Amino acid sequence: EAAGASALCIHGRTRAQMYEGKADWSIIRQVKQAVNIPVIGNGDVRSVADMERMMEETGVDAVAIGRGVLGDPWLNSCRRCPVRNALRSQENMHSV
């Protein structure tokens, strides 16, 4: 943030973990609490319910989906997606 970043995307899994283990969403929550710029969470998101839970548990502004889309390519086009609705709200704020 101090270096000029306008947003951060944080994955809850370390490089050493690669594709093993569970993403640690508490790390994402800690980053969100430490900065004032938008934070995008990533890791272990495979459904709309996972998106909603990540947003609720971490307070992120948006959710990035990686391998979760491989099993459900339509996941990122859902109409009731909380992230899509949050982004629309942000776009409306910027157009004022």
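Rules behind the numbers
- Residues numbered from 1 in each chain as written.
- Predicted model: local features only at pLDDT ≥ 70, side-chain atom pairs only at ≥ 80, totals over all residues.
- Heavy atoms only, no water.
- pLDDT = per-residue confidence, 0-100.
- Helix = DSSP H or I, 4+ residues; strand = E, 2+ residues; numbered from the N terminus.
- Contact = heavy atoms within 4.5 Å.
- Salt bridge = Lys/Arg side-chain N within 4 Å of Asp/Glu carboxyl O.
- Buried < 20%, exposed > 50% of the residue type's maximum accessible area, 1.4 Å probe, protein only.
- Pairing = 2+ DSSP bridges.
- Axes fitted to C-alpha atoms, helices over the stretch in contact; angles between N-to-C directions.

K.L.:
Is there a simple way to explain the confidence of the model for the chain in this structure?
P.N.:
As a general rule, the predicted coordinates of low-pLDDT regions are not to be interpreted in detail. For the chain, the mean per-residue pLDDT works out to 75, and 61% of the residues sit at or above 70. Per-element confidence in the chain ranges from a low mean pLDDT of 49 for helix H4 (residues 82-94) to a high of 93 for helix H1 (residues 25-34). Here residues 85-90 is modelled with pLDDT under 50, and outside its nearest four sequence neighbours on either side it reaches 6 contacts, counting other chains as well.

K.L.:
I'm lost on the pattern of salt bridges in this one. Help?
P.N.:
Close approach of charged atoms allows side chains with opposite charge to pair. A complete count under the given rule lists 3 salt bridges for this structure. Between Asp61 and Lys32 there is a salt bridge; the shortest N-O distance is 2.7 Å. Taken together, the residues span a long stretch of sequence, with Asp61 in the loop between helix H2 (48-58) and strand E3 (62-64) and Lys32 in helix H1 at a distance of 29 residues. A salt bridge links Arg53 to Asp50; the nearest nitrogen and oxygen atoms lie 3.5 Å apart. One end of the pair, Arg53, and the other, Asp50, are both in helix H2, 3 residues apart, so they sit about a helical turn from each other. Residue class for Asp50 comes out buried when judged on its relative accessible area of 15%.

K.L.:
Any chance you could explain the sheet that holds strand E2 (residues 39-42) here in plain terms?
P.N.:
Strand pairing in a sheet is mediated by backbone hydrogen bonds. Such pairs are either parallel or antiparallel. A sheet is described by the order of its strands in space; here 3 strands give the open sequence E1-E2-E3, paired in parallel fashion. Two strands bound the open sheet, and with one partner strand each, they are strand E1 (8-11) and E3. Direction aside, neighbouring strands of the sheet carry axes that sit 30° apart on average. Bridge count between E1 and E2: 4 bridges; the pairing is parallel. From the neighbouring strand, Ile10 faces E2, where its bridge partner is Gly41. Here H1 sits on the sheet in contact with E1 and E2, set at roughly 180° to E2.

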